[in-house]
Amino acid sequence: QPKTTTGITLKINPLGSFMNYDVYAQKALSGILLDSQEMHAILQTPNDDILPLLHSAFQVRKHHFGRTVQIQVLMNAKSGLCPEDCGYCSQASNSDAPIDKYPLRPAEEIIDAARQAKANGAYRYCIVTSGRAPTDREVDAVADVVQQIKQDIDIDICCCLGLLNENKAQRLKEAGVDRVNHNLNTSKNHTPNIVSTHTYEDRVNTLHAIQKVGLDT
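Residues numbered from 1 in each chain as written. Predicted model: local features only at pLDDT ≥ 70, side-chain atom pairs only at ≥ 80, totals over all residues. Heavy atoms only, no water.

Draft legend 1. Representation of the overall build of the chain. Scanning the chain from terminus to terminus reveals eight helices and six strands. Element order for the chain, N to C, with α for helix and β for strand: β-β-α-α-α-β-α-β-α-β-α-β-α-α. Computed over C-alpha atoms, the radius of gyration of the chain comes to 22 Å, more than 25% over the 17 Å expected from 2.2 N^0.38 for 217 residues, which places it beyond the range of a compact globule. Expressed as lengths along the three principal axes of its C-alpha atoms, the size of the chain is roughly 70 × 40 × 35 Å. The buried share of the chain, taken over its 217 residues, is 34%. Taking as baseline every contact in the chain between residues at least 6 positions apart, the subset at least 24 positions apart corresponds to 63%. (Helix = DSSP H or I, 4+ residues; strand = E, 2+ residues; numbered from the N terminus. Rg over C-alpha atoms; globule rule 2.2 N^0.38 Å. Buried < 20%, exposed > 50% of the residue type's maximum accessible area, 1.4 Å probe, protein only. Contact = heavy atoms within 4.5 Å.)

Draft legend 2. Inspection of the pattern of salt bridges at higher detail. Taken as a whole and assessed by the stated rule, the structure comprises 12 salt bridges. Residue R105 pairs with E109 through a salt bridge whose shortest N-O separation is 3.0 Å. Its salt-bridge partner being K188, residue E201 comes within 3.1 Å of it at the nearest N-O pair. On the criterion of sequence distance, the pair formed by E201 in helix α8 (residues 200–212) and K188 in the loop between β6 (179–180) and α7 (191–194) is long-range, its members being 13 residues apart. Overlapping salt bridges bring together E84, R132 and D202 as one network. (Salt bridge = Lys/Arg side-chain N within 4 Å of Asp/Glu carboxyl O.)

Draft legend 3. Representation of unusual backbone geometry within the structure. Even without a glycine there, the phi angle at L81 is positive, about 55 degrees. Checked against the element boundaries, L81 lands in the loop between β3 (72–78) and α4 (107–119).

Draft legend 4. Quick peek at the sheet that holds strand β5 (residues 156–160). Strand order in the open sheet formed by four strands is β3-β4-β5-β6, and the pairing between neighbours is parallel. Single-partner strands in this sheet number two, and they are β3 and β6. Direction of pairing for β3 relative to strand β4 (residues 124–129): parallel, over a ladder of six bridges. The residue bridging N76 from the neighbouring strand is V128, located in β4. (Pairing = 2+ DSSP bridges.)

Draft legend 5. Region of the structure containing the pairing of β4. Where burial is concerned, most of β4 is hidden: six out of the six residues are buried. Here β4 shows no split at all, with R124, C126 and V128 on one side and Y125, I127 and T129 on the other all buried. A crossover connection joins β3 to the parallel β4 through α4; in handedness this β-α-β unit is right-handed. Both β4 and β5 contribute to a ladder of five bridges, which runs parallel. The residue of β5 that forms the bridge with C126 is C158. For the handedness criterion, the β-α-β arrangement of β4, helix α5 (residues 136–152) and β5 is classed as right-handed. (Right-handed = clockwise from strand over helix to strand, strands pointing away.)

Draft legend 6. Local environment of the confidence of the model for the chain. Chain-level statistics for the chain give a pLDDT mean of 91 and a share of 91% at 70 or above. Low confidence marks residues 1–10, where pLDDT is under 50. Its contacts with residues over four positions away, or in another chain, come to nine contacts. A low-confidence stretch, residues 12–18 stays under pLDDT 50, and its non-local contacts, those more than four residues away or across chains, total 16 contacts. (pLDDT = per-residue confidence, 0-100.)

Draft legend 7. Representation of the packing of α5 against helix α6 (residues 166–175) in the model. Contact geometry of α5 with α6 gives a least axis separation of 8 Å together with a crossing angle of 15 degrees. Looking at the two axes, α5 sits roughly parallel to α6. Crossing angle aside, the handedness with which α5 passes α6 is right-handed. Between α5, through D136, V139, D140, V142, A143, V146, Q147 and K150, and α6, the contact on the second element is made entirely by K168, R171, L172 and A175. Among the residues making up the contact of α5 with α6, the classes are represented as six nonpolar, one polar and five charged. (Axes fitted to C-alpha atoms, helices over the stretch in contact; angles between N-to-C directions. Parallel < 35°, antiparallel > 145°, perpendicular 65-115°, else oblique. Left-handed = near helix turned anticlockwise from the far one by under 90°. Nonpolar A, V, L, I, M, F, W, Y, C, P; charged D, E, K, R; others polar.)

As structure tokens, this is what we get:
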């Protein structure tokens, strides 16, 4: 319940602490890491307090980035046809979502889309493929496309291709890829609850391979 102190009404979250989002913002701006209880409190923000929370978060964003945004365009270069059973993904083998399914798009389609992305003001163009991991042939195809894009178009290239080893990551880097997107979708302990076809360590190993060859993640 709200408490009143010297005429100011302060809300208390379920953990019993005062919800002063501006204080959290000032700590972040000062380079102070929020402690676990403060982080938990933010995650427990009541629906009625979402706008105050967003306002305070925006103060941090504005300090670092102003009111500018970077446009990033995603190309779904291969859709569906995935053997993985990730519980959150519409392209998973056990999903019945009505999605398009197709193999790797022709090179010209991917290149033309990159050209259009640049014309529309995009800073980064991300080539995304479904599947557990790209085959050697798919890595070669993506690398060739990236080389062609880099020759003609001044745009940052990101790839999201699934599990990678160091060799495949190196080939992508040499082709001109700037960044690889690869998420740790949940904690190590919770991973078996959402996917059985790969492990948390598989994803961590991919990140290590990406970082070892000098690609951004």
